[in-house]
Amino acid sequence: MNKLPDIKTNFPEWYQEVIYAAQLADQAPVRGCIVIRPYGNAIWENIKKRLDDRIKATGHENAIFPLFIPQSFLSKEAEHVEGFAPELAVVTHAGGKELEEPLVVRPTSETMIHHMFAKWIRSWRDLPLKINQWANVVRWEKRPRAFLRTTEFFWQEGHTAHATKQEALEETLMMLGEYVDLAQNYLAIPVITGRKTPHEKFPGAEATYTFEAFLTDGKALQMGTSHLLSQSFAHAFEMKFQDKDGTVVYPYLTSWGATTRLVGAVVGSHGDDRGLIMPPKIAPIQVVIVPILKKDSQEVVLDYVHKLTQELKEAGIAVKLDADDAASPGAKFYEWELKGVPLRFEIGARDIASGIVVAVSRLGKEKETVPATNMAAWTTAKLDDIQAALFKRAQDRYAAMWHKSESLVEFRDELQKNNGIYQVGWCQDHACEAKLKEIAASIRCMVDSKELQKCFECGKPSLGDVIVGRAY
């Protein structure tokens, strides 16, 4: 049982080690890629199911588009190709021959999907067109970190077309709201929402909206984005339709996406020195039952825990019975704490005779003696309590690291030393924004407030507050 690095003093090493020790992923023989193991994939599947349900409930349909994109497609929107050029993987040979036109391995699907939209949209009756795709994408990564930044990753990407800009904006903000609900109510991660600066927005978009998390070490993580593309891609792909008045016009487009980075966000938001702490709503295993087995009572205990396991399963609780007699209870406790299972039941012959169950919360590590009656109801309520407490703990952490500052001179040393969330004023001049690169920081988003009166760099009147941080 190797001890993990200290999460408070060495978060990067802790993060890397806990990912592999808890069997979320393993290193792949391709630089920048990982193998997502069954436990890590189960977390992603739970996140994916919730998000997919909401995507369908809000009127979108899933489709599948090709992995390979003609290189000329990316060239049709100048800002788009320039933004993605450094990250592209390009296929030049296939079937033993050089291709007439190189193919780009999908970095994102705007160009391919908009090519198809141009074929499918002819009349206002074809709108809105609301499509989603679950897929893998490739963006060549220079500094990979499991789940947070990998060359190949998995995501959903939504793409929609609308008759008016107002409808497109409403779509963009609606999906941002769905992401925020997922993050806060399922992943137990508080997020900061806002608009990306013109310099940081998605290449080719009119506006990019983001939801940002701050991990245990105070560094920011962009968890996902929702883009108002407006009409630039529609013009590039000659996407036109006849409106109700018979006029031929261009539709307004959106795109939005969230990735397996959400798994990394959960790891980096909720762990401790013992390993992961899984939010109950997306935990692959919500409860683990560890029977305390002795030769003279083994049959009685096993019979009891099997019945309890079935009771919890019937109540919709994800329960694991660890009756492996090759491992000691202590070894089992270590494994399931490492994997972040929210609740553990320890049950021996004495507990059965006394009509109790010993319950241990992964979050508080406290032991409770619970009457062994109506365990499904008690367990459901306890898991809800853990979910809420996990979110509250993260909120308290944000409050402790949130600072409001007048100038870069005032906060630059503290930000470099301890990271954190910095709310500052900004004149909206990119020259001031670029100054943050000197301390490896950036504007994470522009927020809907104006509490600070001066720009953090030049001192001119602020046009609105922004959130500054150092990011993954």
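All values reported here derive from a predicted model rather than from experimental measurement.

Teacher, can you tell me more about the overall build of the protein here?
When helices and strands are counted, the protein shows 14 helices and 23 strands. Here the C-alpha radius of gyration of the protein, 25 Å, is about what a compact globule of 472 residues would show, namely 23 Å. By its C-alpha atoms, the protein is 85 × 55 × 50 Å across when sized along the principal axes. For the protein, the proportion of its 472 residues judged to be buried stands at 53%. Summarising the internal contacts of the protein: among those between residues at least 6 apart in sequence, 69% fall at separations of at least 24. Summed over all atoms, the accessible surface of the protein reaches about 21,300 Å², with 50% contributed by carbon and sulfur. Each charge class in the protein was averaged separately, 57 positive and 62 negative side chains, and the resulting centres sit 2 Å apart.

Explain the environment of Ala22 here, please?
Here Ala22 is to be found in the loop between helix 1 (11-21) and strand 1 (25-27). Owing to a relative accessible area of 0%, Ala22 belongs among the buried residues under this scheme. Along the sequence, Ala22 and Pro279 sit 257 residues apart, while their C-alpha atoms lie 15 Å from each other. Ignoring any residue separated from it by four or fewer positions in sequence, one finds Ala22 in contact with Tyr39, Leu276, Leu338 and Lys339.

Would you mind going over the sheet that holds strand 5 (residues 90-94) with me for this structure?
Sheet strands associate in pairs through backbone hydrogen bonding, adopting either a parallel or an antiparallel arrangement. If you walk across this open sheet you meet the three strands as 4-6-5, and the pairing is antiparallel. Two strands close off the open sheet at either side, each with one partner strand: strand 4 (68-70) and strand 5. The sheet shows a mean angle of 50° between the axes of neighbouring strands, taken without regard to direction. Taken together, the three bridges between strand 4 and strand 6 (residues 97-105) define a ladder with antiparallel strand orientation. Following the sheet pairing, Ile69 is matched in strand 6 by Val104.

Would you take a moment to explain helix 13 (residues 408-418) for this structure?
An α-helical segment advances 3.6 residues per turn. Residues three or four places apart therefore align on the same side. Residues of helix 13 that are buried: Leu408, Phe411 and Leu415. Take helix 13 and look down its axis: the buried residues cluster within an arc of 85°, on one side only. The exposed set on the far side of helix 13, more than 90 degrees from its buried face, consists of Val409, Glu410, Asp413 and Lys417. On the buried face of helix 13, the contacting elements are strand 21 (421-426) and strand 23 (464-469). Positioned one or two residues after helix 13, Asn419 has a phi angle of 60°, which is positive.

What should I look at first to understand the side chain of Ser442 in this one?
Among the secondary structure elements, Ser442 is positioned in strand 22 (residues 442-446). Of note is the side chain of Ser442, whose polar atom sits 2.8 Å from the side chain of Arg444.

So what exactly am I meant to see when it comes to the packing of aromatic side chains here?
Aromatic ring pairs are defined here through the distance separating the ring centres and the angle between the ring planes. Across all of its chains, the model carries 12 aromatic pairs by this definition. With a centroid separation of 6.2 Å and 45° between ring planes, the pair formed by Phe117 and Trp120 is classed as tilted. With Phe117 and Trp120 both in helix 5 (residues 110-120) and three residues apart, this pair spans about one turn of that helix. Relative to Tyr422, the ring of Phe411 lies with its centre 5.0 Å away and its plane at 20°, an arrangement referred to as stacked.

Thresholds applied
- Residues numbered from 1 in each chain as written.
- Predicted model: local features only at pLDDT ≥ 70, side-chain atom pairs only at ≥ 80, totals over all residues.
- Heavy atoms only, no water.
- Helix = DSSP H or I, 4+ residues; strand = E, 2+ residues; numbered from the N terminus.
- Rg over C-alpha atoms; globule rule 2.2 N^0.38 Å.
- Buried < 20%, exposed > 50% of the residue type's maximum accessible area, 1.4 Å probe, protein only.
- Contact = heavy atoms within 4.5 Å.
- Areas by Shrake-Rupley, 256 points an atom, 1.4 Å probe, with all protein chains shown as cover.
- Lys, Arg positive; Asp, Glu negative; His and termini not counted.
- Charge placed at Lys NZ, Arg CZ, Asp CG, Glu CD.
- Pairing = 2+ DSSP bridges.
- Axes fitted to C-alpha atoms, helices over the stretch in contact; angles between N-to-C directions.
- Arc of directions from axis to C-beta.
- Polar contact = N/O pair within 3.5 Å; in protein donor to acceptor, adjacent residues only side chain to side chain.
- Phe/Tyr/Trp six-rings, centres within 6.5 Å; stacked < 30°, edge-to-face > 60°.

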